[in-house]
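A structural walkthrough
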Amino acid sequence: AMDATRHLVAYGHKDIAVITGDMDTTSSRDRLEGFRGAMSQAGLTCDDDLIICSDYTLAGGEVAAESLLLRKNRPTAIFCFSDDIALGCMYTLRQHGFKVPDDISVMGFDNIPVAKYITPPLTTIAQPTAEIGSACAKILLDLIENKKPETSRILLPHEVLIRESTRRLT
């Protein structure tokens, strides 16, 4: 989330909205913390009015984007905590006549297979899904065998995939 936010900030965005996933999940809480951290490091303030709690669904992205469009302070970029949220968000923006990224940049998270095929292709964070599955399986096997896992928190490498749904502000 820090790298996603840094990407948007590097493109000149200051008014960045966030559409979270379910805030009962560690991933959403960590991503929000990463977003806030990157904004703080850049010397930017987080507008809490531009943080919309949702869920990790297409419909959640649609509803959250509707809410953002009603805000007085409209964002120049939206960081979505999943690609599904981003796809729903982009759909709503199009329905209201906004062009991505000309009017509003959209950033996703997950790099789902369809992300590079939509129009415009989605800028996103790619996670190493095979490695995530392997690490989870190892922890699960340790727990089944009544062994204490080596760690309960594993950070794996990721990649910012810059595609066409974000643009530099001029």
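**What to know about the side chain of Thr-123**
- Following the sequence through the fold, Thr-123 ends up in the loop between strand S4 (105-107) and strand S5 (124-126).
- Of the residues examined, Thr-123 reaches a relative accessible area of 0% and is grouped as buried.
- A polar side-chain atom of Thr-123 sits 3.2 Å from a polar atom in the side chain of Thr-166.
- Excluding residues that lie within four positions of it along the chain, Thr-123 makes contacts with His-7, Val-106, Met-107, Gly-108, Leu-161, Ile-162, Arg-163, Glu-164, Ser-165 and Thr-166.

**Observations regarding the sheet that holds strand S1 (residues 16-19)**
- Here 4 strands make up an open sheet; going across it, the order is S2-S1-S3-S4 and the pairing parallel. Here the strands that pair on one side only, and so sit at the sheet edges, are strand S2 (51-52) and S4.
- Taken together, the 4 bridges between S1 and strand S3 (residues 77-80) define a ladder with parallel strand orientation. Within the sheet, the bridge partner assigned to Ala-17 lies in S3 and is Ile-78.
- Most of the contacts of helix H1 (residues 2-10) go to S3, to which it runs at about 170 degrees, and overall it touches S1, S3 and S4.

**Quick look at unusual backbone geometry**
- That bond from Val-100 to Pro-101 is cis: its omega, 5 degrees, falls within 30 degrees of zero.
- Counting through the fold element by element, Pro-101 comes out in the loop between helix H4 (83-95) and S4.
- A cis amide bond links Thr-119 with the next residue in sequence, Pro-120, at an omega value of -10 degrees.
- The residue Pro-120 is located in the loop between S4 and S5 in this model.
- Backbone geometry at Asp-110 places phi at a positive 135 degrees, although glycine is not the residue there.
- With respect to the element layout, Asp-110 can be found in the loop between S4 and S5.
- Classification of Asp-110 as partly exposed rests on a relative accessible area of 23%.
- In the Ramachandran plot, Asn-111 falls in the positive-phi region, its phi being about 60 degrees despite a non-glycine side chain.
- Note that Asn-111 resides in the loop between S4 and S5.

**Details of the pattern of salt bridges**
- According to the stated counting rule, one finds 5 salt bridges in the structure shown.
- Where Arg-36 meets Asp-48, a salt bridge forms, and the shortest distance between an N and an O atom there is 3.3 Å. With Arg-36 in helix H2 (residues 26-41) and Asp-48 in the loop between H2 and S2, this residue pair connects regions lying 12 residues apart in the sequence.
- The class for Arg-36 is partly exposed, based on a relative accessible area of 35%.

Calculation criteria
- Starting from 1, residues in each chain are numbered consecutively following that chain's sequence as written.
- For this predicted model, a pLDDT threshold of at least 70 governs which residues receive local features, and a threshold of 80 or more governs which side-chain atom pairs are given and counted, while totals over whole chains, interfaces and linings are taken from all residues.
- Values reported for side chains reflect all heavy atoms of the structure, with hydrogen atoms and water molecules removed beforehand.
- Numbered from the N terminus, helices here are DSSP runs of H or I no shorter than four residues, and strands are runs of E no shorter than two.
- Only protein chains enter the accessibility calculation, which uses a 1.4 Å probe; a residue whose area is less than 20% of its type maximum is buried, one above 50% is exposed, and one in between is partly exposed.
- The definition of a polar contact used here is a pair of N or O atoms within 3.5 Å, where within protein one atom must be able to donate a hydrogen and the other to accept one, and adjacent residues in sequence count solely through side-chain atom pairs.
- A contact between two residues is defined here by any heavy atoms of the two lying within 4.5 Å.
- A pair of strands is treated as paired once DSSP finds two or more bridges between them.
- Convention adopted: a line fitted to C-alpha atoms gives each axis, helices being fitted over their contacting stretch, and angles between N-to-C directions are expressed from 0 to 180 degrees.
- Any Lys or Arg side-chain nitrogen found within 4 Å of a carboxyl oxygen on Asp or Glu counts as a salt bridge.

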